[in-house]
Amino acid sequence: MATKEEIDELIKDYEKYIKTMKLKNKKNLTNKEYRDLQLFVILKVHQIYPFRNDLVTVKVMNEKDYKFMKIKPNVYLYNKGRLILNEHKTSSAKEGMPNDLIFSKPINTLLRVLIRQQGNTSINIVDNYLLIKKNGSPFSKVEYSNLLIAFFKKKLNKSISTTILRKIYLSKYSIVKKEMIADAKMMGHSLAVQSSVYIPKS
């Protein structure tokens, strides 16, 4: 499995290509140029927000139109920089409230650039989906995974999907847990006692 440092460095290199080609501001993008820009935006989003493949279901909408919808889709409210995932893998679980977050300013800016640049291509966007294939239709979740896997396979010779990206993102906690286990052993108590008795509650 790749490290987070490897992923971050790769995305940094890809960003240099995007800047060199001036794809954020270029008029009349070819379909390939748009797909390159879109892939960069996808990578940046997953770098900070390690979602599953739910982004393929997200539609671009303004808040006013969204409020009047009876059946709420997964949406990116571009005028608010807000992502709302009403339907996702754990949405029917006990804690399954809609995932509702405000993107960071850099990510929101990137998403708005992507949406603006859709208008500078010859692609006919189907149903206002945020992420699209070269024919303008949305990705299936499998196609989305395959897009990422193909990119990372070409660049790092490693098969990395959104699931692997989530594992890489959360691997930072494994070091903390190892340290906690070592400390509990050294201090002569269990990990449960350490957590409930000795670690201050925030």
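Here, every reference points to the structure presented above.
Keep in mind that what you see is a predicted model, and the values were worked out from it rather than measured. (Residues numbered from 1 in each chain as written. Predicted model: local features only at pLDDT ≥ 70, side-chain atom pairs only at ≥ 80, totals over all residues. Heavy atoms only, no water.)

Asks: What is the right way to look at the overall build of the protein chain in this model?
Replies: Helix and strand counts for the protein chain come out as eight helices and four strands. Reading the protein chain from its N terminus to its C terminus gives the helix and strand order α-α-β-α-β-β-β-α-α-α-α-α. Dimensions of the protein chain along its principal axes, counting C-alpha atoms only, are 65 × 45 × 30 Å. Taken across its 202 residues, the protein chain has 40% of its residues classed as buried. (Helix = DSSP H or I, 4+ residues; strand = E, 2+ residues; numbered from the N terminus. Buried < 20%, exposed > 50% of the residue type's maximum accessible area, 1.4 Å probe, protein only.)

Asks: Explain helix 2 (residues 31-48) to me, please; I cannot follow it from the model alone.
Replies: Since one α-helical turn is 3.6 residues long, residues separated by three or four positions face the same way. The end-to-end C-alpha separation of helix 2 is 26 Å, in line with the 26 Å expected for 18 residues at 1.5 Å each. The buried count for helix 2 comes to 14 of 18 residues, which makes it a mostly enclosed element. (Expected span 1.5 Å × (residues − 1).)

Asks: Help me out: how do you make sense of the packing of aromatic side chains in this one?
Replies: Each aromatic ring pair is specified by the distance between its two centres and by the angle formed by the two planes. Scanning the model with the defined rule gives nine aromatic pairs in all. Note on F51 and F103: the rings are 6.5 Å apart at their centroids and 85 degrees apart in plane angle, and the pair reads as edge-to-face. Of this pair, F51 sits in the loop between helix 2 and strand 1 (59-61) while F103 is found in the loop between strand 4 (99-102) and helix 4 (105-118), placing the two residues 52 residues apart along the sequence. The same class applies to F51 as to F103, namely buried. Three or more aromatic residues joined by ring pairs make a cluster, and in this case those are Y14, Y17, F40, F151 and F152. Over the ring of Y66 we find K72; its NZ or CZ atom is 4.6 Å from the centre of that ring. The ring of Y169 has K172 lying over it, and the distance from NZ or CZ to the ring centre is 4.2 Å. (Phe/Tyr/Trp six-rings, centres within 6.5 Å; stacked < 30°, edge-to-face > 60°. Lys NZ or Arg CZ within 6 Å of the ring centre and 35° of its normal.)

Asks: Just to check I follow, could you spell out helix 1 (residues 4-20) for this structure?
Replies: End to end, helix 1 covers 25 Å across 17 residues, agreeing with the expected 24 Å (1.5 Å per residue, within 8%). If you check which residues of helix 1 are buried, you get I7, L10, I11, Y14, E15 and I18. Buried residues of helix 1, seen end-on, are gathered within an arc of 145 degrees and therefore sit on one face of the element. Projecting away from the buried face of helix 1 at angles above 90 degrees are the exposed residues E5, K19 and T20. In this structure, the buried residues of helix 1 make contact with helix 2, helix 5 (141-156) and helix 6 (162-170). (Arc of directions from axis to C-beta. Contact = heavy atoms within 4.5 Å.)

Asks: Got a minute to help me understand the packing of helix 1 against helix 5 in this structure?
Replies: Relative orientation and spacing of two packed helices are given, respectively, by the angle between their axes and the distance between those axes. Direction vectors running N to C along helix 1 and helix 5 enclose 95 degrees, while the axes themselves pass 12 Å from each other. Judged by the inter-axis angle, helix 1 sits roughly perpendicular to helix 5. Taken together, the residues of helix 5 that come into contact with helix 1 (itself represented by I7, L10 and Y14) are F151, F152, K155 and L156. Class assignment for the residues of the contact of helix 1 with helix 5 results in six nonpolar, no polar and one charged. (Axes fitted to C-alpha atoms, helices over the stretch in contact; angles between N-to-C directions. Parallel < 35°, antiparallel > 145°, perpendicular 65-115°, else oblique. Nonpolar A, V, L, I, M, F, W, Y, C, P; charged D, E, K, R; others polar.)

Asks: Got a minute to help me understand the environment of L43 in this structure?
Replies: Its place among the elements puts L43 in helix 2. Relative accessible area serves as the criterion here: at 2%, L43 is assigned to the buried category. With 20 residues separating them in the primary sequence, L43 and E63 have C-alpha atoms 26 Å apart. Contact partners of L43, with chain neighbours within four places excluded, come to I11, Y14, L148, F151 and F152.

Asks: I would appreciate a short explanation of the side chain of H46 in the present structure.
Replies: The topology assignment puts H46 in helix 2. According to the relative accessible area criterion, H46 is buried, its value standing at 4%. Polar side-chain contacts of H46 include one of 2.8 Å to the side chain of Y144. The residues contacting H46, other than those within four sequence positions of it, are F51, R52, L55, Y144, T162 and L165. (Polar contact = N/O pair within 3.5 Å; in protein donor to acceptor, adjacent residues only side chain to side chain.)

Asks: Which parts of the structure should I look at to understand the packing of helix 7 (residues 172-187) against helix 8 (residues 191-198)?
Replies: Between helix 7 and helix 8, the least distance of the axes is 9 Å, while the angle of their chain directions is 90 degrees. Classified by the interaxial angle, the pair formed by helix 7 and helix 8 is roughly perpendicular. Each of M180, I181, D183, A184 and M187 in helix 7 lies in contact with helix 8, whose residues at this interface are L191, Q194 and S195. Here the residues of the contact of helix 7 with helix 8 sort into five nonpolar, two polar and one charged.

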